[in-house]
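Per-entry structural report
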Amino acid sequence: AHVRAIYNAFLPVIDGCVFSYCQEGALYCHAGKITNSQFINCKARSGAGIIMYGARGQVEHCHFQHCISSYSGGAIDMSGSYHIVGCTYEDCHPNNVS
């Protein structure tokens, strides 16, 4: 079975990590803080780089390159009010953030 690199983490703190070729997406988490990380060539049905749920969370200074979803949020798919700052996106589809 295919699973995300990090699945169902509660309030994770992730800094300076590289997620490359995650074929079922990289992160699935409840809020948390993701900083200074890279997501390269990740694929998933939605949120190829990150799926984040819950009331709050932060994604700061991350780079998303060629993150492809078949449904939503090529780079980041979020449900809630989140703080996304200083991120860069390169060739992510269908859109960067949804």
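Residues numbered from 1 in each chain as written. Predicted model: local features only at pLDDT ≥ 70, side-chain atom pairs only at ≥ 80, totals over all residues. Heavy atoms only, no water.

**Some words on the overall build of the chain**
What the chain contains, in helices and strands, is zero helices and 14 strands. Taking 13 Å as the expected radius of gyration for a compact globule of 98 residues, we find that the chain reaches 11 Å, a close match to that expectation. For the chain, the spread of C-alpha atoms along the three principal axes comes to 30 × 25 × 25 Å. Of all 98 residues assigned to the chain, the portion counted as buried reaches 45%. The average position of the 5 basic charges and that of the 6 acidic charges among the side chains of the chain differ by 8 Å. (Helix = DSSP H or I, 4+ residues; strand = E, 2+ residues; numbered from the N terminus. Rg over C-alpha atoms; globule rule 2.2 N^0.38 Å. Buried < 20%, exposed > 50% of the residue type's maximum accessible area, 1.4 Å probe, protein only. Lys, Arg positive; Asp, Glu negative; His and termini not counted. Charge placed at Lys NZ, Arg CZ, Asp CG, Glu CD.)

**Observations concerning the environment of D77**
Residue position: D77 is located in strand β12 (residues 76-79). Since its relative accessible area comes to 16%, D77 is described here as buried. D77 sits ten residues away from C67 along the chain, and the two C-alpha atoms are 12 Å apart. Side chain to side chain, D77 and S72 meet in a polar contact 2.8 Å long. (Polar contact = N/O pair within 3.5 Å; in protein donor to acceptor, adjacent residues only side chain to side chain.)

**As for the nonpolar core**
Counting 24 residues, the largest nonpolar core has I34, F39, I50, V59 and F64 as its most contacted members. Mapped by element, the contributors of at least two residues to this core are β4 (27-30), β8 (50-53) and β12. Dropping the residues within four chain positions of it, I50 is found in contact with L27, I34, F39, V59, F64, A75, I76 and D77. (Core = buried A, V, L, I, M, F, W, Y, C linked by side-chain atoms within 4.5 Å. Contact = heavy atoms within 4.5 Å.)

**Regarding the environment of C42**
Locating C42 in the fold gives a position in the loop between β6 (38-40) and β7 (43-46). Given a relative accessible area of 0%, C42 falls into the buried group. Sequence separation of C42 and S20 is 22 residues, and the distance between their C-alpha atoms is 6.3 Å. Excluding residues that lie within four positions of it along the chain, C42 makes contacts with F19, C22, A26, A48, H66, C67 and I68.

**Describing the sheet that holds β4**
Here we have four strands laid out as an open sheet, ordered β1-β4-β8-β12, and parallel in their pairing. Strands with a single pairing partner mark the edges of an open sheet, and in this sheet they are β1 (6-10) and β12. Strand-to-strand, the axes of this sheet are offset by a mean angle of 10 degrees, without reference to chain direction. Summarising the sheet, β1 and β4 pair through four bridges and their orientation is parallel. Bridge pairing links A9 to C29 in β4. (Pairing = 2+ DSSP bridges. Axes fitted to C-alpha atoms, helices over the stretch in contact; angles between N-to-C directions.)

Geometry only, nothing functional implied.
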